[in-house]
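# Report on the structure
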Amino acid sequence: DAKTTQPPSMDCAEGRAANLPCNHSTISGNEYVYWYRQIHSQGPQYIIHGLKNNETNEMASLIITEDRKSSTLILPHATLRDTAVYYCIPKTSGSRLTFGEGTQLTVNP
Amino acid sequence: DTGVSQNPRHKITKRGQNVTFRCDPISEHNRLYWYRQTLGQGPEFLTYFQNEAQLEKSRLLSDRFSAERPKGSFSTLEIQRTEQGDSAMYLCASSLSENWGGVQYFGPGTRLTVT
């Protein structure tokens, strides 16, 4: 599994866009990039995933660089409920998810 | 609610006792996973099932741990002779079979405290 580097913490003002970066320079061609988040004391929540193309759903947008060595998760209008630890996880066709340290996002009023 | 459910949500036990947790996956999902999360760390993979077959076990799953999924639906995770180091959140997730990638949906977890 590819190693990932994420900033340990970030702050964002409520209503503004939160841009969470992830470096995964050793990602292999068959690995998708998954993003999960974990609100305190809850189970992880799936957000979005992608292989090469940018993706958007009702929760977020995922921007993957052309060389696939990094990606950015964008929460377009952050709310206080988006305060959580965000995990970027490259994943092969194998089944396990390998969680790193993640980024603690704090959305401030 | 049709999400993943786990019971109990909290369990306090004394060292040396046995405990058993249950996970009910999303009904059409044939894969079921167990993870463990200690304070301040990300979840760590323990084991997974496809239908009733246990296909992979982590080195974290010592011989005191056993997991079953007898009819390919719910699963149980038993810890025998609990130790204080077993105190953690035990998370269950489920997914459909996958060729590439695949979304795992997590339950709320069972928090175990060993005193």
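Residues numbered from 1 in each chain as written. Chains lettered and ligands numbered in written order. Predicted model: local features only at pLDDT ≥ 70, side-chain atom pairs only at ≥ 80, totals over all residues. Heavy atoms only, no water.

Backbone-to-backbone hydrogen bonds join strands into a sheet, with any given pair of strands oriented parallel or antiparallel. Residues and elements named next belong to chain A. The sheet built from 4 strands is open, its strands ordered 2-7-6-5 with antiparallel pairing. Among the strands making up the open sheet, the edge pair consists of strand 2 (18-23) and strand 5 (55-56). Here 4 bridges tie strand 6 (residues 61-64) to strand 7 (residues 70-75), and the two strands are oriented antiparallel to one another. The residue of strand 7 that forms the bridge with L62 is L73. (Pairing = 2+ DSSP bridges. Helix = DSSP H or I, 4+ residues; strand = E, 2+ residues; numbered from the N terminus.)

All right, on to the interface of chain B and chain A then. In this complex, chain B contributes 23 residues to the contact, which on the side of chain A involves 22 residues. Here chain B packs against chain A, burying approximately 1700 Å² in sum over the two surfaces, 52% of which is carbon and sulfur. Where chain B meets chain A, there are 1 salt bridge. Measuring nitrogen to oxygen at the nearest pair gives 2.4 Å for the salt bridge that ties E56 of chain B to R96 of chain A. (Contact = heavy atoms within 4.5 Å. Buried area = accessible area lost by both parts, 1.4 Å probe. Salt bridge = Lys/Arg side-chain N within 4 Å of Asp/Glu carboxyl O.)

The next point concerns the layout of surface pockets. Of the voids in this model, the largest pocket is the one considered here, and its volume is about 410 Å³. Forming the walls of the largest pocket are 20 residues, and the residues nearest its centre are Q38 and H40 of chain A together with Q37, G40 and Q41 of chain B. Broken down by element, the residue count for the lining of the largest pocket peaks at 3 residues, all from strand 8 (residues 84-91) of chain A. Of the residues that constitute the lining of the largest pocket, the class distribution is 6 nonpolar, 12 polar and 2 charged. The volume enclosed by the second largest pocket comes to roughly 280 Å³. The wall of the second largest pocket is formed by 14 residues, among which R96 of chain A together with E44, F45, S58 and L60 of chain B lie closest to the centre. For the lining of the second largest pocket, the residue count by class is 5 nonpolar, 5 polar and 4 charged. (1 Å grid on protein atoms, 1.4 Å probe; cavity = no way out; pocket = protein on both sides within 12 Å on 5 of 7 lines; lining within 4 Å. Points joined across faces, edges and corners; volume = space filled by probe spheres on them. Nonpolar A, V, L, I, M, F, W, Y, C, P; charged D, E, K, R; others polar.)

Residue and element names in this part refer to chain B. In terms of burial, strand 4 (residues 31-37) is largely enclosed, as 7 of its 7 residues are buried. Burial along strand 4 is two-sided: R31, Y33, Y35 and Q37 facing one way and L32, W34 and R36 facing the other are all buried. Summarising the sheet, strand 4 and strand 9 (residues 88-95) pair through 7 bridges and their orientation is antiparallel. Opposite R31, over in strand 9, you have S95 as the bridge partner. (Buried < 20%, exposed > 50% of the residue type's maximum accessible area, 1.4 Å probe, protein only.)

At the junction of N7 of chain B and P8 of chain B, the peptide bond is cis and its omega measures out at -10 degrees in the coordinates. Within the secondary structure, P8 of chain B is located in the loop between strand 1 (5-7) and strand 2 (10-13). Even without glycine at this site, S41 of chain A takes up a positive phi of about 65 degrees. One can find S41 of chain A in the loop between strand 3 (32-38) and strand 4 (45-50). Of note, the phi angle at R68 of chain A is positive, near 65 degrees, even though the residue is not glycine. The buried category is assigned to R68 of chain A, whose relative accessible area is 9%.

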